[in-house]
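# Structure assessment
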Amino acid sequence: MPDWKALLDNEFDLFEPINLAQNLVRIPSVSGEGGEVELARFIANYFIDRQIKVEWQEVEEGRANLIAEIEGILGEGPNLLFNGHLDTVPLGSGWTYPPLGGEIIENRLYGRGACDMKGALASMMYAAYIVSLFAPSLYGKLKLVFVVDEEGSNLGVKHWIKSYREREEVIDFALVGEPTGLNISLGHRGVAAYQVKVRGKSCHMGIAERGVNAIYLASQVIQSIEKKNQELKKFADPDLGNPTLHVGRIQGGTFPNVVPDTCGFEVDVRTVPDFPLGRMEETLQDILDSVQQEKELKFNYQIDQSIPYLPPVKISRDLEGVKILSRSISDVPGEIPTFAPFPASCEASFLVEAGIPTLIFGPGRIEEAHTANEFVSITQIVAASRIYSLLALRFLGGE
Ligand SMILES: [Zn+2]
């Protein structure tokens, strides 16, 4: 078996993924605003210049997923997928550094998308090039799928999965490069939201005691929700974290001198396999029922799910790909393989749902994503690129 670490050390140029990441940040690619295609073109040219096969997959007019593929010359074998998204959230305001400047200051590359997730794209691009150099010693294939609209409604990944099913492709293992700070995330919690409406009785504020103030009712319910959230910690999943419920939005009332008869608020819920959506809904209902019982005046309420449910996903630590990734992390000086929950959700859920075992692993911290002065550590970009390379070489080449 080849000594992949030694072979990689001979080839690896650490400036390459850093330069690439700077270039990617300098190409604006705000979701749905037309730039995604420019970014995809730049990435495609990088691959074409290095004799790597690329494919455009039009998702809608002016928006396309970019797919690259490196086939092992030794023939059939395992298929590995690296997935990332081309789009970013809008630039926003409050920046100290130019959001499209790609400036590096004290080990940090600043810019919109630096952390989420152009750093990872650059690491994957360079890893793909490295893997292509060793294609004569590899089996199977490495596929890169960079999609549009991840920050929107996931049109890109859905489109790719449709084609994956139609072509009856088989991917044995996948990695999504979302920023995990180089921790291994075996999945993420499920996400949904509920709109809760509490109905009281309106009247003139001068005789407030004759009405039922829906804002007061809602505020009691909301405080119980906050308390309940603490209790949910005991249902924590070791790989995914705590199930939670949090109020994220509220509206109610018409005028200061009118007792409000309705108050609506929206609750974000995060689920884990042992505390699924049905249980979360029951929990909400119990809270509302118990506040109702405490009150002398009855009030009405209504609970409606307000966004489609994205269920929790989680893969086993015992999968071959997870083991190879752990070993490849250990091979990078200063890095220790660490498992940690990914607090947000991501497109891993779509891949797992399509039957592809998928983990989340990328440079940068989720804390920096979507913020002003978004940055990614360039040390992490380089480390990620080495780790992606080693993972792919070992997955496709043995050892
Ligand atoms: Zn992202």
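Basis of the calculations
- Residues numbered from 1 in each chain as written.
- Predicted model: local features only at pLDDT ≥ 70, side-chain atom pairs only at ≥ 80, totals over all residues.
- Buried ≥ 20, exposed ≤ 12 C-beta atoms within 10 Å, placed from the backbone.
- Helix = DSSP H or I, 4+ residues; strand = E, 2+ residues; numbered from the N terminus.
- Pairing = 2+ DSSP bridges.
- Domains from an automatic or database assignment.
- Contact = placed C-beta atoms within 7 Å.
- Nonpolar A, V, L, I, M, F, W, Y, C, P; charged D, E, K, R; others polar.
- Axes fitted to C-alpha atoms, helices over the stretch in contact; angles between N-to-C directions.
- Parallel < 35°, antiparallel > 145°, perpendicular 65-115°, else oblique.
- Left-handed = near helix turned anticlockwise from the far one by under 90°.

## Side note on the pairing of strand β3 (residues 79–85)
Of all seven residues in β3, seven are buried, a share of seventy percent or more. Burial of the side chains of β3 extends over both faces: Asn 79, Leu 81, Asn 83 and His 85 are buried on one face and Leu 80, Phe 82 and Gly 84 on the other. Across seven bridges, the pairing between β3 and strand β6 (residues 141–147) is parallel. Looking across to β6, one finds that Asn 79 is bridged to Lys 141. Strand direction decides the pairing type here: β3 and strand β7 (residues 173–176), joined by four bridges, are parallel. Looking at β7, one finds that Leu 81 is bridged to Ala 174.

## Structural notes on the domain arrangement of the chain
A common way to express how large an interface is: the accessible area buried when the components associate. When cut into domains, the chain gives domain 1 (4–187 + 312–397) and domain 2 (190–310). A straight line from the C-alpha centre of domain 1 to that of domain 2 covers 39 Å. Counting residues at the interface gives nine residues for domain 1 and nine residues for domain 2. Looking at side-chain class alone, the side of domain 1 that touches domain 2 contains five nonpolar, three polar and one charged residues.

## Quick word on the packing of helix α6 (residues 214–231) against helix α7 (residues 277–294)
Orientation of α6 relative to α7, taken along the N-to-C sense of each, is 130°, at an axis distance of 10 Å. On the basis of their axis angle, the class for α6 and α7 is oblique. The two elements α6 and α7 meet at a crossing, and its hand is right-handed. Each of Leu 217, Gln 220, Val 221, Ser 224, Ile 225 and Lys 228 in α6 lies in contact with α7, whose residues at this interface are Thr 283, Ile 287, Leu 288 and Val 291.

## So, helix α2 (residues 15–25)
Residues of α2 that are buried: Pro 17, Ile 18, Leu 20, Ala 21, Gln 22, Leu 24 and Val 25. Lining the buried residues of α2 we find α3 (36–49), β5 (108–110), α4 (114–133) and α10 (378–397).

## Regarding the environment of Lys 233
Mapped onto the fold, Lys 233 is located in the loop between α6 and β10 (244–252). For Lys 233, a count of 11 C-beta atoms within 10 Å puts it in the exposed group. With 179 residues separating them along the chain, Lys 233 and Val 54 place their C-alpha atoms 46 Å apart.

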